[in-house]
Amino acid sequence: MSDSRGTSERGSGAPTSRSEWLSRQSWADPSLRRSLGLTTLSAVVPGSGLLGTPRRRLGLVIVALALVALLVVGGYALTNGLTTTALQTAADTGRLRAIAVVLVLGTLVWVSGIALTALASAPRRPTSGGRAALVTLTTVLCLAVTAPAVFGVRYITAHVDAVDKVFSSGGVVGGSGGGGATPTSVVGDDPDDPWKDLPRVNVMLLGSDGSDAREGTRTDTMIVASIDTETGDSVLFSIPRNLQRIPLPRDNPLRRVHGPVYDCGDQCLMNSIWTEAEATAEQHPEWYADDPTPGQTATREVLSGILGIPIHHTVIVNMEGFADLVDAMGGVLVNVQERIPIGGRTFTDANGTLQLDQTSDYEWLEAGSHRLDGPQALAYSRSRVTSDDFSRMRRQRCMVAAVVDQVEPMTMLQRYPQIIGAVGDNVVTDLPQEDLDEWAGLVLQVQGATMSSLPFTGANIDTVDPHYSQIRARVYEALNPAPAPEPPPEEATATSAPEDEAQETTEAPPEEPAATTSEEPTDELEDVGAVCG
């Protein structure tokens, strides 16, 4: 007769090994469960787990510091608004550096609180399984708290480096007279409203091409953004690269060489003003003794005269770097409206027409919706084969609108170091860094306001023999939509400024009769998104 007591005593729930038995004993230990709970609590609220240990006073100090920090940050954000707080913080590199330091120190205190809680609450005689469980949990919680801080410091460092590269210090990045751009913060007498004495601020946006294959820097993309500082409403004026008979300002050294008009046919175009000024500066450095950037200054002064408005600041984007920005964003979705060849080599035939080298490596981008990578987006924005400069100008505005529309918060968060790095390496501006707070507020207004576009193309001007007073009249009308009062019939109208003078004006200039054309102009003042329909 067999004895079955051994079998019945070892039921199915009995431990099969010593390690399993020790594990069960560990989790059953109330002191271990309490230690694990307190350690977790310190990870949720810094130092709170220490309140249940002999180190409760230290826990009170850590909890108090965390609550004070939370109240200060939360109160400031609620008072100023979350968006305003984020923009102002992003604009203040000093504040960002301080946040990085506080983030590191705060994380060290937080992690120390977790570790101290685990040590102070650990069982006096823990089993090996209990000790391993407490160490594992403490390590995981410390890593979970540290990881966001590491990413935060990384993002802050990338942002500060980019801001230091992009924005000037002290407001001096070129400009005539050695003074550079006037800081926004000193324009008016009211420090609480720096825009009080500046109803409109005008910014010149240049897309430069300084590749080795071309001589010097050519500004193939020229846009002047005029922003109403009270409402945020803005107008973008696009200037064609092939504009001829360029009027030169009286005090610009180029006038000593070329006279009042820069005119030598299709070899003297608007996009060569930059390189012409730099070449002149090399030949006559004494003419540019107080100007560190003659090309930028000449381009700004000439465009100011053409449009009849002062230009306060300049933003220059390296077109080659635009591809890096698009790649950093993960590509851009574009509605291609016409079949465009991208890539490959081009040449000019005997008739002066740009042709595509059929033996080179290129591809056709068919009409329709496409997600373009960086090189494709750049080629699409710059291609002139099978189209013209004006079509390219429209595609560039469409590309800008597409990039802006597709900047999603999650994409920015995931790829921010790459995106801001691309910006820092390829954008230069004379906006003073200390004025970024003022510009952050203006950006908020622009985002909630209207944005219009007025391109100057062959559809509304004659690029070979332009009527600059007509251009200035259209600019005035775009910035002052209310009709100006007409003078009485018996009063003589004021004489318009000579065509070869580059003058700024604050009054509506007389409008000249439009040049005879076989078709109605199609490039009129319109919403900036309409060009991509």
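Everything that follows concerns the structure shown earlier in this document.
Because the structure is predicted, anything quoted here is derived from the model rather than measured.

### Observations regarding the environment of Val317
The topology assignment puts Val317 in strand S6 (residues 313-318). Under the relative-accessibility criterion, Val317 is labelled partly exposed at 28%. Residues Val317 and Thr429, 112 residues apart in the sequence, show an inter-C-alpha distance of 8.8 Å. Aside from chain neighbours lying at most four places away, what touches Val317 is Leu206, Gly207, Ser208, Asn426 and Val427.

### Examining the state of the cysteines
Under the counting rule described, the total for this entry stands at one disulfide. Put simply, Cys264 and Cys268 are joined by a disulfide, and their sulfur atoms are 1.5 Å apart. Across the S-S bond linking Cys264 and Cys268, the dihedral sits near 90°, which makes this disulfide right-handed. On the accessibility criterion, Cys264 (42% relative accessible area) is partly exposed. Residue classification places Cys268 among the buried residues on the basis of a relative accessible area of 4%.

### Concerning the nonpolar core
Counting residues in hydrophobic clusters, the biggest one holds 35 residues, and the most contacted among them are Phe237, Ile246, Met270, Ile273, Leu303, Ile306 and Leu307. Of all the secondary structure elements, the ones that give two or more residues to this core are strand S1 (200-209), strand S2 (218-228), strand S3 (234-239), helix H9 (273-283), helix H10 (294-307) and helix H16 (468-479). Once you skip the residues sitting within four places of it in the chain, Phe237 turns out to touch Met222, Ile223, Val224, Ser226, Leu307, Leu454, Phe456, Val475, Ala478 and Leu479. Judged by nonpolar contacts, the second largest core, of 20 residues, contains Met329, Val332, Leu365 and Val403.

### Looking at a nonpolar patch on the surface
A contiguous nonpolar patch, built from Val101, Val104, Leu105 and Leu108 and spanning about 360 Å² of accessible area, is present on the exposed surface. When you line up the elements, Leu108 lands in helix H6 (residues 93-121).

### As for the side chain of Thr53
Structurally, Thr53 is set in the loop between helix H3 (30-44) and helix H4 (56-80). Looking at Thr53, its side chain comes within polar contact range of the main-chain oxygen of Leu50, at 2.8 Å. Not counting residues within four places of it along the chain, the set of residues in contact with Thr53 comprises Leu38, Ala120 and Ser121.

### Examining empty space enclosed by the protein
In total, this model carries four cavities of 30 Å³ or more according to the counting rule given. Put simply, the largest cavity is a space of about 60 Å³. Along its surface, the largest cavity is lined by Asp220, Thr221, Met222, Ile223, Ser238, Ile239, Pro240, Arg241, Met393, Gln396 and Arg397. Going through the elements one at a time, S2, S3 and helix H13 (389-405) are the ones with two or more residues in the lining of the largest cavity. With four residues, the single largest contributor to the lining of the largest cavity is S2. Grouping the constituent residues of the lining of the largest cavity by class yields five nonpolar, three polar and three charged.

### Concerning the packing of H10 against H16
Two numbers describe how H10 lies on H16: the axes approach to 7 Å, and their chain directions differ by 80°. Considered as vectors, H10 and H16 are oriented roughly perpendicular to each other. Taking contact as the criterion, the partners of Gly305, Ile306 and Leu307 in H10 are, on H16, Tyr468, Ile471, Arg472 and Val475. Here the contact of H10 with H16 is composed, by residue class, of five nonpolar, one polar and one charged.

### Here we look at the packing of aromatic side chains
In this structure the tally under the stated criterion is one aromatic pair. Considering the side-chain rings of Trp195 and Trp439, the 5.3 Å spacing of their centres and the 90° angle between planes classify their relative orientation as edge-to-face. Of this pair, Trp195 sits in the loop between helix H7 (128-166) and S1 while Trp439 sits in helix H15 (residues 436-447), placing them 244 residues apart in sequence. A residue is classified by how much of its surface remains accessible, and Trp439, at 9% relative accessible area, is buried. Above the ring of Trp364, the side-chain terminus of Arg339 is found at 3.9 Å from the ring centroid.

### Here's the deal with the pattern of salt bridges
Across all of its chains, the model carries six salt bridges by this definition. Taking the shortest distance from any N to any O, the salt bridge between Asp164 and Arg97 comes out at 2.8 Å. Of this pair, Asp164 sits in helix H7 while Arg97 sits in helix H6; the two residues are 67 residues apart in sequence, bridging distant segments of the chain. According to the relative accessible area criterion, Arg97 is partly exposed, its value standing at 41%. Where Arg200 meets Asp228, a salt bridge forms, and the shortest distance between an N and an O atom there is 3.9 Å. Remark: Asp228 occurs in strand S2 and Arg200 occurs in strand S1; sequence separation between them is 28 residues. What emerges from the salt-bridge pattern is a single network uniting Arg245, Asp263 and Asp465.

### What about H6?
In this model, H6 (29 residues) spans 42 Å end to end at C-alpha, consistent with the 42 Å of a helix rising 1.5 Å per residue. Of the positions making up H6, those classed as buried are Thr93, Leu96, Ala100, Thr107, Gly113, Ile114, Thr117, Ala118 and Ser121. Where H6 starts, the residue carrying a side-chain oxygen 3.1 Å from the main-chain nitrogen of Gly94 turns out to be Asp92.

### Remarks on unusual backbone geometry
Positive phi, normally seen in glycine, also occurs at Arg245, with a value near 55°. When its relative accessible area of 30% is taken as the criterion, Arg245 is described as partly exposed.

Scoring rules and cut-offs
- Residues numbered from 1 in each chain as written.
- Predicted model: local features only at pLDDT ≥ 70, side-chain atom pairs only at ≥ 80, totals over all residues.
- Heavy atoms only, no water.
- Helix = DSSP H or I, 4+ residues; strand = E, 2+ residues; numbered from the N terminus.
- Buried < 20%, exposed > 50% of the residue type's maximum accessible area, 1.4 Å probe, protein only.
- Contact = heavy atoms within 4.5 Å.
- Disulfide = S-S within 2.5 Å.
- Core = buried A, V, L, I, M, F, W, Y, C linked by side-chain atoms within 4.5 Å.
- Patch = residues over 30% accessible without salt bridge, like charges linked within 9 Å, V, L, I, M, F, W, Y side chains within 5 Å.
- Areas by Shrake-Rupley, 256 points an atom, 1.4 Å probe, with all protein chains shown as cover.
- Salt bridge = Lys/Arg side-chain N within 4 Å of Asp/Glu carboxyl O.
- Polar contact = N/O pair within 3.5 Å; in protein donor to acceptor, adjacent residues only side chain to side chain.
- 1 Å grid on protein atoms, 1.4 Å probe; cavity = no way out; pocket = protein on both sides within 12 Å on 5 of 7 lines; lining within 4 Å.
- Points joined across faces, edges and corners; volume = space filled by probe spheres on them.
- Nonpolar A, V, L, I, M, F, W, Y, C, P; charged D, E, K, R; others polar.
- Axes fitted to C-alpha atoms, helices over the stretch in contact; angles between N-to-C directions.
- Parallel < 35°, antiparallel > 145°, perpendicular 65-115°, else oblique.
- Phe/Tyr/Trp six-rings, centres within 6.5 Å; stacked < 30°, edge-to-face > 60°.
- Lys NZ or Arg CZ within 6 Å of the ring centre and 35° of its normal.
- Expected span 1.5 Å × (residues − 1).

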